[in-house]
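Descriptive analysis of the structure
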Amino acid sequence: MITFIPLTGFLGAGKTTTMTAAALALQEQGRKVAVITNDQGVELVDTKLVRSKLDSVAEVTGGCFCCKFEDLVEAIVALVASDSVDTVIAEAVGSCTDLQATVVRPLRQYYGDDMVVAPLTTVVDPLRHQAFARAAERGEPESDLSYLFRQQVTEADVIAVNKLDTIKPDRAEELLASLRVSNPKATVVGYSATTGAHLETLLEAWQAPATNEDVVLDIDYDRYAAAEAQLAWMNQELGLTAAGDGFDATAWARTVLQELSAWAAEHDAVIGHAKITVETADGDFAKLSLTESGAQATLDRAADAHATAGRAVVNARVACEPDALDAAVAEAVRAADLATAVISSATTPVSFKPSYPRPVHRLAPADA
């Protein structure tokens, strides 16, 4: 019997960092853990980082778990068969919701003899939550993205507030208390996946019974689709060559993200997330991420400062038109090339807006 742990949460909440940190902690407890990443596109930055830390990693691309349900099942089966794992943690696309009906209940009904499905966990970024809450307090109409975020929180068995180290302790306690009041059926925990502080509270929550499994979201799929369609999704590969003796891969990636951050702030474009990895010719790699317009990029992993060549992968999810995102990233790359003495050659950007969500299964509580 294996344990399947489903994660959801808005773009940039730290699902991948949470998944990786939790997997390593569970391995220390003697569990054999595999993880599955998920995205609407292909060539995932997160998969590269996870594979640098964990042995058993799979990905489901081209759509969310709900629309790629059989792909998810195949990935689970393959991991169990090849690596003899007993625990699988999987993170859904950051723009996905309604997972209780479309993933959790179908897994329990059709595969319950072979797996235990842990409580559905929604990972929350406190700053993102604060931004949506302030808009509501100002009396602004609920945006489609805020609507999507609210649905993700509403269906959670466990609300996992990540990045508590980024806000003041009194604000953290206030946020946790507020979420407990507004979501009485959910277990609310706070932690930092980056530092590991209080991560054990999340692991303990996964051991408890699901408390919100009978929830039925009052969800408008047209509005859900509209929320996803606000985001342009871009994946691009670039070859990098030093114009001189060498270049700093970390500095190049940081410059790209800083330029993109400034552009998004200037154009009032919400950044879901933007991530870059640069793998150097000697096998080292850097990884940086950005989750807010006008903010500084976060360093997840630095590479050696001297590289002669490399391969970069850019993943960007931004509320704008795909053509505008392509142009903004191209300009950011030009600035980074100039600043770090790099000659880059890019593939054609694969930018798109997600198609209408059409889940394979959608079960009510009585059906499961």
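Let me sum up the structure you'll find in this document. (Residues numbered from 1 in each chain as written. Predicted model: local features only at pLDDT ≥ 70, side-chain atom pairs only at ≥ 80, totals over all residues. Heavy atoms only, no water.)

The helix and strand tally for the protein stands at eleven helices and 15 strands. Taking the principal axes of the C-alpha coordinates as reference, the protein spans close to 65 × 50 × 40 Å. Out of the 368 residues in the protein, the part that is buried amounts to 55%. Within the protein, contacts between residues separated by at least 24 positions form 79% of all contacts whose residues are at least 6 apart in sequence. Of the accessible surface of the protein, which amounts to about 15200 Å², a share of 50% is contributed by carbon and sulfur atoms. Counting 29 positive and 52 negative side-chain charges, the protein places the averaged centre of each group 2 Å from the other. (Helix = DSSP H or I, 4+ residues; strand = E, 2+ residues; numbered from the N terminus. Buried < 20%, exposed > 50% of the residue type's maximum accessible area, 1.4 Å probe, protein only. Contact = heavy atoms within 4.5 Å. Areas by Shrake-Rupley, 256 points an atom, 1.4 Å probe, with all protein chains shown as cover. Lys, Arg positive; Asp, Glu negative; His and termini not counted. Charge placed at Lys NZ, Arg CZ, Asp CG, Glu CD.)

It is worth spelling out the environment of Tyr-147 at this point. Its location among the elements puts Tyr-147 in helix H6 (residues 144–154). For Tyr-147, a relative accessible area of 6% puts it in the buried group. Separated by 15 residues in sequence, Tyr-147 and Phe-132 have C-alpha atoms that sit 9.4 Å apart. Tyr-147 has contacts with Glu-142, Asp-218, Ile-219, Asp-220, Arg-223 and Tyr-224, leaving out every residue within four places of it along the chain.

Quick look at the packing of helix H10 (residues 249–266) against helix H11 (residues 322–340) now. In contact at an axis separation of 8 Å, H10 and H11 are set at 135° when each is read in the N-to-C sense. Judged by the angle between their axes, H10 and H11 are oblique. For the pair H10 and H11, the sense of crossing is right-handed. Residues Ala-251, Trp-252, Thr-255, Val-256, Glu-259, Leu-260 and Trp-263 of H10 pack against Ala-324, Leu-325, Ala-328, Val-329, Ala-332, Val-333, Ala-335, Ala-336, Asp-337, Ala-339 and Thr-340 of H11. In terms of residue class, the contact of H10 with H11 is made up of 14 nonpolar, two polar and two charged. (Axes fitted to C-alpha atoms, helices over the stretch in contact; angles between N-to-C directions. Parallel < 35°, antiparallel > 145°, perpendicular 65-115°, else oblique. Left-handed = near helix turned anticlockwise from the far one by under 90°. Nonpolar A, V, L, I, M, F, W, Y, C, P; charged D, E, K, R; others polar.)

This part takes up the pattern of salt bridges. Between side chains of opposite charge, a pair can form as their charged atoms come close. Taken as a whole and judged by the stated rule, the model has 15 salt bridges. A salt bridge links Glu-321 to Lys-353; its shortest N-O distance comes to 2.9 Å. In this pair, Glu-321 sits in the loop between strand E13 (309–318) and H11 while Lys-353 sits in the segment after strand E15 (350–352), placing the two residues 32 residues apart along the sequence. The class of Lys-353 is partly exposed, set by a relative accessible area of 29%. For Glu-331, the salt bridge goes to Arg-334, with nearest N and O atoms at 2.8 Å. (Salt bridge = Lys/Arg side-chain N within 4 Å of Asp/Glu carboxyl O.)

So, on to the pairing of strand E11 (residues 285–290). The buried fraction of E11 is high, at six of six residues. Burial of the side chains of E11 extends over both faces: Phe-285, Lys-287 and Ser-289 are buried on one face and Ala-286, Leu-288 and Leu-290 on the other. Summarising the sheet, strand E10 (residues 271–280) and E11 pair through six bridges and their orientation is antiparallel. Each bridged residue has a counterpart across the sheet, and for Val-278 the counterpart in E11 is Ala-286. Sheet topology places E11 next to strand E12 (residues 298–301); three bridges connect them, and they run antiparallel. Pairing of Ser-289 across the sheet is with Thr-298, part of E12. (Pairing = 2+ DSSP bridges.)

Let's shift gears to helix H5 (residues 126–137). With twelve residues, H5 extends 16 Å between its outermost C-alpha atoms, agreeing within 8% with the 16 Å of an ideal straight helix rising 1.5 Å per residue. Listing the buried residues of H5 in full gives Pro-126, Arg-128, His-129, Gln-130, Phe-132 and Ala-135. Those residues of H5 hidden inside the fold are in contact with strand E6 (121–124), H6, strand E7 (158–161), helix H7 (169–182) and E10. The opening residue of H5 is Asp-125, an N-cap whose side-chain oxygen sits 2.9 Å from the backbone nitrogen of Leu-127. Just past H5, the residue Gly-139 takes up positive phi, approximately 80°. (Expected span 1.5 Å × (residues − 1). Polar contact = N/O pair within 3.5 Å; in protein donor to acceptor, adjacent residues only side chain to side chain.)

Moving on, we get to the side chain of Asp-144. With respect to the secondary-structure elements, Asp-144 resides in helix H6. In this structure the side chain of Asp-144 is engaged in a polar contact, spanning 3.4 Å, whose partner is the side chain of Gln-230. Leave out the neighbours within four places in its chain, and Asp-144 touches Arg-223, Ala-226, Ala-227 and Gln-230.

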